[in-house]
Amino acid sequence: MVDRWVLKEITITGFRGFVKPKTFSSLEPFVLFDGPQRSGKSSTLVAIEWGLFGDEIAKKAIGIDERRGWKIRNTNADEARVELVLQKGEEILKIVRSDKKTKGASRFYFELNSSRDTDEAKLRAMLEIEPKDYFSSVHLHQEVIRALLTEEPSSKQDSLDRLLGLTALRNTIDGIKSAKISEVLKDVDNKFVQIETRLNAVIASKRNDIQKAKETGIQKGLKSIDFAETCAAQVCETVETALHNFANQAVLTISNLPAARTVGEQQFFVNSAKQSLRKLRDEQPDLKRQKELLEKQSQLQRLQQTYKELLDELQRVEKERKDIYKIDGNQEKMRSGISNELSPKLEDAKDRRNEIDKRAGTIEEAIKYFAAIRAPNEKQPCPVCEKAIDDVSHLQMHLNELRARLDEDLAPIREEIEKYEKEIERLEELIKCLNDLDRKIRTQSKLLMDHKSVTETGLGREIKDTEDPIVVIGGEINKIQEELKKLEAAVKESNQELNTIEDDISKLEQILMVLVLEAEIDDLLKIRDTDEYKEVENNKSELEKFADDVSLIRQALEAVLQESAKAKLEAAKENIAKMFRTLANRSDFPDLEIDPDKFEVLAVKGSEKVPALSIFNTGDLNCAGLSVFLGLGAAQELSHNLGFIVLDDPSQSLDDTHKENLVSVLNSISDEKQILVSTSESDFRDLILTKVIKKKARYEFDPWSDVEGAQPKEVQ
Amino acid sequence: MTEKEQIIHKLEMNIKDVKKQNFLRKICDEIFEEYDKGSVKAVSELLQGKINPLKNKFDDAHNRLLKKMGL
């Protein structure tokens, strides 16, 4: 203990459970912090960590899950500040850390022999300790012991990693694993293997296409030996000669065809030959004439048809007019009939009717008069002479008879009037109809004349008035049809020649298809020599090289992790076993070991070793955790320059005997280490106060207050 | 010797090529630097950030080759 740093004084302000400054100034070889749960004991112990290592204690690398989202500063304080005073022999080391940024002042510094420094790395080098080692051999957290008790392999391994200070190494290895480089490699390997598979599939497919192309070629008249470049060249020559011969015969010109020595040139030749063939088909004179004549024939047929339609309509209208003339005469005759015959007769009949109507009107009035008389016996004046009449009813009878006779006279006159009126009306309608027919005949005649003129243009000659246009057009159509018959044979012959050339081009295409596919297969068989394939190979090997490099690093990490674990466990082996023997004091399995390969805590009895979890109770497992920690902390081989250990509530889950044994263990290491212990258990506190041999400082914590925060007081 | 120095030492023992040693040391430095920044995820992302461009390069070349093969 003499040659290592021990704690002499701690001052805490605004850190976690602390609000106001509190100083622990009498730090003896054994320091006890006791009090109820949540009174600030753990904050005091953690303040030492923060003073030494700052915010790194809350990093994930430390492995304490409880510290995620940790708040350093108390919500009622405006600064978190920890001052530690350590002593080694005559040397005094002061470490100050604050979370408040003050202008011109560093948030961290340490002073040694009145010399101030702000380099944290320098302090760690001087203390020869990193945060992870602090957690494995200086400060024991209950969380580590709790995790050791679980059967969940990853938690157990994490716990042992922390006790052995291997968390960072393990997490780095996990980080490498979770990059899933092997999956990337697997994917790349699959794709690379698939290149070969797909290559074979493509070649097989092309061979199949060759077979089909050859079969089609043979159906077109080719032989098996024709599927060669020399044969293709010969066919090109034949096609070229035939095209030029045809062009010469038809007095047409075609452009020169390209050379056709290689397959590439021959493919180009095929396109040019097809263009020339198309040109010859379109421009051959007989075909051209045939097209012109067919067009002319169609035009004349249309003209003939239209002329027929116009003529038919004219004739129909003229016939209709002629029929009317035949029965009723023309408009003049009808008008004369109306004015000279029908109208005078009508007027006469109307006059006669009016005369009778006048008489009938007077009688009608008289009848109404007599009908209105209420008392027929009363004498009434005569409506004519105004003399009184005695027998009115008699007169009334005569009047009715007279009226009936007048109606009989009027009936034939009325019929006569109606007959004349209808006849006049009919004739007027016919006059209108004849006027319309005259108009239509004029229009239709004009259309016919116009069409005749169009037909003359179409025929290219005049149609005399003595000629029948329909017959003239029909004659012209007949001439065209005769010429077309003659042309048909010539066109057929030309087309046969061109079809033969087309067949040769088609054969050439089949040959070329086979040759191109064969060339493609040759290229595919040589794919491994291409730049593209080599690039894929190179990229794959670059990936594999990187994966190998990472694998080497991972292997090195795993080896160092194993070696480090083994070295630490080997160095602390005796101490761990000794601590466990004292603490657990089991007769069946007195010793404890840790398998550094499997990270398994083993209960040992001679040569028999069984997993501790299978036989230990909670108290024994707690003893196991404490033994590992205290064994590692006490091992001289695992040296650092801190001469104290911190135990936060170490007696949890221990029975009375275990607690007494723990005090014995603490006594056994108290010559080597200053011991800081926190407990909320009064029996363990009393055991410490009565059984711990070393000089003690005791700080009792009152219940935590919102305003004051932690309230420790030194108990003498 | 720190753990990192032990790892480098192991790599140097197994690999004689100085260039490769330097390369591995560089990756090691980067891995530890990322880990110190925070987490397992940071290490994983660092390595993925290195292997993914290589994978993309391979995929591009692979696609070009398949195209050449008519696929």
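Before reading on, note that the structure itself is shown above.
Description of the structure in this document. (Residues numbered from 1 in each chain as written. Chains lettered and ligands numbered in written order. Predicted model: local features only at pLDDT ≥ 70, side-chain atom pairs only at ≥ 80, totals over all residues.)

## A look at unusual backbone geometry
Residue and element names in this part refer to chain A.
Here comes step 1: Backbone geometry at S114 places phi at a positive 65°, although glycine is not the residue there.
Here comes step 2: Following the sequence through the fold, S114 ends up in the loop between strand 6 (108-112) and strand 7 (115-117).
Here comes step 3: Classification of S114 by C-beta neighbours within 10 Å gives exposed; the count is 7.
Here comes step 4: A positive phi angle is found at N585, which is not glycine, with a value near 55°.
Here comes step 5: Mapped onto the fold, N585 is located in the loop between helix 14 (531-584) and strand 11 (591-595). (Helix = DSSP H or I, 4+ residues; strand = E, 2+ residues; numbered from the N terminus. Buried ≥ 20, exposed ≤ 12 C-beta atoms within 10 Å, placed from the backbone.)

## Focus: the pairing of strand 5 (residues 91-98) of chain A
Residues and elements named next belong to chain A.
Here comes step 1: Note that strand 4 (residues 81-88) and strand 5 share eight bridges and pair antiparallel. Counted as the bridge partner of L86 is L93 from strand 5.
Here comes step 2: The antiparallel hairpin formed by strand 4 and strand 5 contains two residues in its connecting segment, where G89 sits at a positive phi of about 60°.
Here comes step 3: For strand 5 and strand 6, the ladder comprises five bridges, and the chain directions are antiparallel. Paired with R97 across the strands is F108, a residue of strand 6. (Pairing = 2+ DSSP bridges.)

## Focus: the nonpolar core
Residues and elements named next belong to chain A.
Here comes step 1: Counting 116 residues, the largest nonpolar core has A624 and V646 as its most contacted members.
Here comes step 2: Ranked by residues supplied to this core, first place goes to helix 14 with 18 residues.
Here comes step 3: Counting only domains with at least three residues in this core, you end up with domain 1 (1-138 + 640-716) and domain 2 (152-179 + 550-639).
Here comes step 4: In this view, V646 contacts L45, I48, V138, H139, L140 and L676; residues no more than four positions away in its chain are not counted.
Here comes step 5: Membership of the second largest hydrophobic core comes to 23 residues, among which are F227, F246, V270 and L517. (Core = buried A, V, L, I, M, F, W, Y, C linked by C-beta atoms within 7 Å. Domains from an automatic or database assignment. Contact = placed C-beta atoms within 7 Å.)

## What about the interface of chain A and chain B?
Note on interface size: it is often stated as the accessible area lost on association of the parts.
Here comes step 1: At the interface, 41 residues of chain A touch 32 residues of chain B.
Here comes step 2: Breaking the side of chain A that touches chain B down by element, the ones donating at least two residues are helix 6 (167-178), helix 7 (181-219) and helix 14 of chain A.
Here comes step 3: Taken together, the residues of the side of chain A that touches chain B sort by class into 24 nonpolar, seven polar and 10 charged. (Nonpolar A, V, L, I, M, F, W, Y, C, P; charged D, E, K, R; others polar.)

## So, the packing of helix 10 (residues 285-328) of chain A against helix 13 (residues 469-525) of chain A
Relative placement of two packed helices is described by the angle separating their axes and the distance separating the axes.
Residues and elements named next belong to chain A.
Here comes step 1: Relative to each other, helix 10 and helix 13 sit at 160°, their axes nearing to 9 Å. By the angle class used here, helix 10 and helix 13 are roughly antiparallel. Judged by the sense of rotation from one axis to the other, the crossing of helix 10 with helix 13 is left-handed.
Here comes step 2: Taken together, the residues of the contact of helix 10 with helix 13 sort by class into 15 nonpolar, seven polar and six charged. (Axes fitted to C-alpha atoms, helices over the stretch in contact; angles between N-to-C directions. Parallel < 35°, antiparallel > 145°, perpendicular 65-115°, else oblique. Left-handed = near helix turned anticlockwise from the far one by under 90°.)

## Considering helix 17 (residues 656-669) of chain A
Residues and elements named next belong to chain A.
Here comes step 1: Between its first and last C-alpha, helix 17 extends 20 Å over 14 residues, near the 20 Å set by a 1.5 Å rise per residue.
Here comes step 2: Among the residues of helix 17, those classed as buried are H658, K659, N661, L662, V665 and L666. Buried residues of helix 17, viewed axially, fall in a sector of 160°; they line one side. What points out from helix 17, more than 90 degrees from its buried face, is the exposed set D656 and T657.
Here comes step 3: Turning to helix 17, the residues buried within the fold contact helix 14, helix 16 (618-634), strand 15 (674-679) and helix 18 (682-691). (Expected span 1.5 Å × (residues − 1). Arc of directions from axis to C-beta.)

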